[in-house]
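Okay, here's what each chain looks like letter by letter:
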Amino acid sequence: MNAAEVQALIQTGLPGAQVRVASDDDTHFEAVIVAAQFEGRRMIQRHQLVYATLGQLMGREIHALSIQAFAPSEQNNQQQK
């Protein structure tokens, strides 16, 4: 797996999401995701949605995934800071 493949999987699982994924070694990934599906959900629920998009790849091809998950309204607040 590479960052582009992980990004595509997340985008497929969370239609309309803005996703950026980076990796230095193709096993440890960092993702920043802005998705309407996160609105009104707690952080653990957001992470569960992301993990669901990756399925069995987690713990296998994807050894670790750092997630920053924002609802669109929160991302706007982050940009203003």
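Residues numbered from 1 in each chain as written. Predicted model: local features only at pLDDT ≥ 70, side-chain atom pairs only at ≥ 80, totals over all residues. Heavy atoms only, no water.

1. Things to note about the pattern of salt bridges
Thinking step 1. The full count for this structure, using the stated rule, is one salt bridge.
Thinking step 2. A salt bridge links Arg46 to Glu74; the shortest N-O distance between them is 2.7 Å. Here the residue Arg46 occupies a position in helix 2 (residues 43-54), and Glu74 occupies one in helix 3 (residues 72-80), the gap between them amounting to 28 residues.
Thinking step 3. Among the residues examined, Arg46 registers a relative accessible area of 4% and is labelled buried. (Salt bridge = Lys/Arg side-chain N within 4 Å of Asp/Glu carboxyl O. Helix = DSSP H or I, 4+ residues; strand = E, 2+ residues; numbered from the N terminus. Buried < 20%, exposed > 50% of the residue type's maximum accessible area, 1.4 Å probe, protein only.)

2. Some points on the confidence of the model for the protein
Thinking step 1. With 93% of its residues at a pLDDT of at least 70, the protein reaches an overall mean of 92.
Thinking step 2. Mean pLDDT values over the elements of the protein span from 68, in helix 3, up to 98, in strand 1 (residues 18-23). (pLDDT = per-residue confidence, 0-100.)

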